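Residue strings, one per chain:
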Amino acid sequence: MNRQQALTEAGNAADKARRSAEYVDNVVAGGDSQGKVPRLAAAGALWADTARAYAAIAAATPETPEA
């Protein structure tokens, strides 16, 4: 995995975390399926952790010259 791939994966995971947070917000606001909120929030937190992990990989990976 090169730096750009890690950054792409970080961005994808961050987007999933954002969408998960928005979904949880809608569930909470709607008052339906309150029992799902902890599981949905945990999934969003996992995506956020994944984004941070890929960002750390990108930061630790040297840049490769463009071909």
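Structure shown above.
This structure is a prediction, so every number in the text was calculated from the model and none was measured.

K.L.:
Please set out the overall build of the protein chain residue by residue, giving values where relevant.
P.N.:
Secondary structure summary: the protein chain contains two helices and zero strands in total. For the protein chain, with 67 residues in total, the buried portion stands at 18%. Surface accessibility of the protein chain: about 4700 Å² in total, with carbon and sulfur atoms responsible for 57%. Measuring between centres, the 7 positive side-chain charges of the protein chain sit 6 Å from its 8 negative side-chain charges.

K.L.:
Kindly report on helix H1 (residues 3–30), identifying the contributing residues and their values.
P.N.:
Between its first and last C-alpha atoms H1 spans 40 Å; for 28 residues at 1.5 Å apiece the expected length is 40 Å, and the two agree. Taken as a whole, H1 has its buried residues at Ala6, Ala10, Ala13, Ala17, Ser20, Val24 and Val27. Directly beyond the C-terminal end of H1, a positive phi value near 75° is found at Gly31.

K.L.:
Just give me the short version of the pattern of salt bridges, but keep the residues and values in it.
P.N.:
Pairs can form between side chains of opposite charge whenever their charged atoms are close. Throughout the structure, instances matching the rule amount to five salt bridges. When the shortest N-O distance is used, the salt bridge between Arg18 and Asp15 registers 2.5 Å. Within this pair, Arg18 and its partner Asp15 are both found in helix H1, separated by three residues, close to a single helical turn. One salt bridge connects Asp15 with Arg19, and the closest N-O pair in it is separated by 3.1 Å. In this pair, Asp15 and Arg19 are both assigned in helix H1, four residues apart and thus about one turn of the helix distant. Among the charged side chains, a network of salt bridges with common partners joins Asp15, Arg18, Arg19 and Glu22.

K.L.:
Which residues make up helix H2 (residues 37–60), and what are the values?
P.N.:
With 24 residues, H2 extends 35 Å between its outermost C-alpha atoms, agreeing within 8% with the 34 Å of an ideal straight helix rising 1.5 Å per residue. In this structure, the buried side of H2 is in contact with H1.

Parameters and conventions
Residues numbered from 1 in each chain as written. Predicted model: local features only at pLDDT ≥ 70, side-chain atom pairs only at ≥ 80, totals over all residues. Heavy atoms only, no water. Helix = DSSP H or I, 4+ residues; strand = E, 2+ residues; numbered from the N terminus. Buried < 20%, exposed > 50% of the residue type's maximum accessible area, 1.4 Å probe, protein only. Areas by Shrake-Rupley, 256 points an atom, 1.4 Å probe, with all protein chains shown as cover. Lys, Arg positive; Asp, Glu negative; His and termini not counted. Charge placed at Lys NZ, Arg CZ, Asp CG, Glu CD. Expected span 1.5 Å × (residues − 1). Salt bridge = Lys/Arg side-chain N within 4 Å of Asp/Glu carboxyl O. Contact = heavy atoms within 4.5 Å.

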